[in-house]
Amino acid sequence: MTDYNPKNFLILAVDDNSVNRILIEKILRKEGYQAKILAHSQEVLPYMEQINPDLILLDLMMPNINGLELCQQIKLNPHFQDIPVIFITASDEKQDLLKAFDLGAVDYITKPFHNRELLARIKTHLELKFTRDELKKALVELEKLATTDELTGISNRRNFSTLAEREFNLAKRQKRYFALLILDIDYFKKINDSHGHIAGDFVIKSVAQQCVLSIRQEDLCARWGGEEFIIFLSESMLEDGIAVARRLRQDIEELSVAFESEQINVTVSIGVAVYNPEDKNVNQTIIRGDMALYQAKNSGRNRVVDENGVCYF
């Protein structure tokens, strides 16, 4: 942690002894930490409901709710589980200290303590927490990059294939149905040639947004490649897929795509297929949807064709 700055951290300290409270607050504030000092253990959880501290200093022996009981209550709340707790104690009872670690404490320091030792332990655990938090953020970002199409922000092909195969296996076991829509932006090369590739990217993003708006939350839309998209409609028969496809085709035709004061007319062709219990894998369903899309494009575009070759507008 190269830019460690105490001013960025709030430390909550709990001690029923007024002398200790004054001393701890003085040490923390002199070092530059933000500090909240409480006298009663029952004040802690209501305070933490409002503001999450970065670290907690907890006296072990307190009336009403002792430090061990309070630590247990804190760690039972999933919002507080990652907050490091350091016990400050005059007790050298190993049983109490072992219990503290079992309940989730990260460290302890005995009274009377040296100021520099206390500050060193605080810094160590804040740096560890910061590192863990940054790693979690990085992992979330990596997962997002692995599953999301960079241009549109919707699912990418790999993620769709994984989820669709899982849903296919579920449908096979539970005798459920799903429909697939495969759609392609009509005359996309002409859009790129006439308006430029940046405008083309804008059109792709606009169509992706409309696809997401036109389906249910439990359905999945992905960029299948280039200007092509695929939509998984759970618990849907062929007629359901056709109804969604017809509405989507119309929504996109009526979509106002304005790019740098130019109006770009956009239409799509859509192929619709439904899961067949005889399908060996989800790719067989996708192939039928792709063949229907090919028919929609060859028969004039801006239309919907189902896997049986029936055309709709």
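Before reading on, note that the structure itself is shown above.
Let me sum up the structure you'll find in this document. All of these numbers come straight from a predicted model, not from anything done at the bench.

Examining the nonpolar core
Point 1. Judged by nonpolar contacts, the single largest core of 34 residues is most densely connected at L183, I185, V207, I231 and I270.
Point 2. Taken together, the elements giving at least two residues each to this core come down to β6 (178–185), α7 (188–195), α8 (197–213), β8 (228–234), α9 (238–253), β9 (257–259) and β11 (268–274).
Point 3. Ranked by size, the runner-up nonpolar core spans 22 residues in total, among them L60, M62, L70 and C71.

Overview of the packing of aromatic side chains
Point 1. Going through the model one piece at a time under the given rule, you end up with eight aromatic pairs.
Point 2. Look at F202 and F259: their rings are 5.5 Å apart centre to centre, the planes differ by 45 degrees, and that puts the pair in the tilted class. Of this pair, F202 sits in helix α8 while F259 sits in strand β9; the two residues are 57 residues apart in sequence, bridging distant segments of the chain.
Point 3. Assessed through its relative accessible area of 29%, F202 is described here as partly exposed.
Point 4. For F259, a relative accessible area of 12% corresponds to the buried category.
Point 5. Ring-pair connections join several aromatic residues into one group, and the members of that group are F168, Y177, F178, F232 and Y275.
Point 6. Seen from the ring of W224, R157 lies directly overhead, with NZ or CZ sitting 3.9 Å from the centre.
Point 7. In this structure, R301 is placed above the aromatic ring of Y187, and the distance from its NZ or CZ to the ring centre is 4.5 Å.

About the thresholds
- Residues numbered from 1 in each chain as written.
- Predicted model: local features only at pLDDT ≥ 70, side-chain atom pairs only at ≥ 80, totals over all residues.
- Heavy atoms only, no water.
- Core = buried A, V, L, I, M, F, W, Y, C linked by side-chain atoms within 4.5 Å.
- Buried < 20%, exposed > 50% of the residue type's maximum accessible area, 1.4 Å probe, protein only.
- Helix = DSSP H or I, 4+ residues; strand = E, 2+ residues; numbered from the N terminus.
- Phe/Tyr/Trp six-rings, centres within 6.5 Å; stacked < 30°, edge-to-face > 60°.
- Lys NZ or Arg CZ within 6 Å of the ring centre and 35° of its normal.

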